[in-house]
Amino acid sequence: PDGTRLATASNDTTVIVSDFSNGREPGRVLASLGTPNAGYGLSVNCCAWSPNGTQLACALDDGTVRVWDVILNPPCVVAKLGGHDGDVNCCAWSPD
């Protein structure tokens, strides 16, 4: 929630979390989530930060949303939410 990190989702199967705390130039990549090495091989259509900034929800082409704890080192999936018959294109957190 402090505006220093940016998460980007891609159809190349990755989510990249970058640190911009040093100003306008991107700093180090904090995490690369959803790579083929993690067993996905699926497009990541959307990502959304939790209100407290500790988790990142990622919408995938397999009909799931995976919730990553990005504070852990290394980051890990803490929930896999299903129920959709098709691709999940968007996800969002409720502030309450």
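Look above for the structure.
The rules we used
- Residues numbered from 1 in each chain as written.
- Predicted model: local features only at pLDDT ≥ 70, side-chain atom pairs only at ≥ 80, totals over all residues.
- Heavy atoms only, no water.
- Buried < 20%, exposed > 50% of the residue type's maximum accessible area, 1.4 Å probe, protein only.
- Helix = DSSP H or I, 4+ residues; strand = E, 2+ residues; numbered from the N terminus.
- Pairing = 2+ DSSP bridges.
- Polar contact = N/O pair within 3.5 Å; in protein donor to acceptor, adjacent residues only side chain to side chain.
- Axes fitted to C-alpha atoms, helices over the stretch in contact; angles between N-to-C directions.
- Salt bridge = Lys/Arg side-chain N within 4 Å of Asp/Glu carboxyl O.
- Core = buried A, V, L, I, M, F, W, Y, C linked by side-chain atoms within 4.5 Å.
- Contact = heavy atoms within 4.5 Å.

This part is about the pairing of strand β6 (residues 65-69). Most of β6 is tucked away, with 5 of its 5 residues classed as buried. Burial along β6 is two-sided: the residues Val65, Val67 and Asp69 and Arg66 and Trp68 are all buried. Strand direction decides the pairing type here: strand β5 (residues 55-60) and β6, joined by 5 bridges, are antiparallel. What sits directly across from leucine 56, in β6, is tryptophan 68. In sequence, β5 turns back onto β6 through a hairpin of 4 residues, with glycine 63 there showing a positive phi of about 85°. Count of turn residues in the β6/strand β7 (residues 76-81) antiparallel hairpin: 6 residues.

Along the polypeptide, arginine 66 turns up in strand β6. In this structure the side chain of arginine 66 is engaged in a polar contact, spanning 3.4 Å, whose partner is the side chain of threonine 64.

Overall, antiparallel pairing links the 4 strands, which are arranged β4-β5-β6-β7 in an open sheet. Only two strands of the sheet have a single neighbouring strand rather than two, namely β4 (44-49) and β7. Across this sheet, the average inter-strand angle for adjacent strands is 25°, counted without regard to direction.

Here we come to the pattern of salt bridges. Per the counting criterion, the structure on display carries 1 salt bridge. Here aspartate 62 makes a salt bridge to arginine 66, at a shortest N to O gap of 2.7 Å.

Turning our eyes to something else, we now look at the nonpolar core. As a rule of thumb, nonpolar side chains are buried together in soluble globular proteins. Within the largest apolar cluster, 9 residues are counted, these being Ala7, Val15, Val17, Val44, Leu56, Cys58, Leu60, Trp68 and Val70. At the level of elements, β2 (15-19) and β5 are the ones that each hand at least two residues to this core. Top contributing element to this core by residue count: β5, with 3 residues. Once you skip the residues sitting within four places of it in the chain, alanine 7 turns out to touch Ile16, Val17, Cys47, Trp49 and Leu56. Among the nonpolar cores identified, the runner-up in size contains 8 residues, and Ala48, Ala57, Val67 and Val88 belong to it.

Tracing the backbone through its elements, the reader meets aspartate 2 in the segment before β1 (5-9). Using a relative accessible area of 59% as the deciding quantity, one classes aspartate 2 as exposed. In the structure, aspartate 2 is positioned 51 residues away from glycine 53 in sequence and 8.3 Å away in space, judged by C-alpha atoms. A polar contact is formed between the side chain of aspartate 2 and the side chain of threonine 4, at a distance of 2.8 Å.

By themselves, these figures tell us nothing about what the structure is for.
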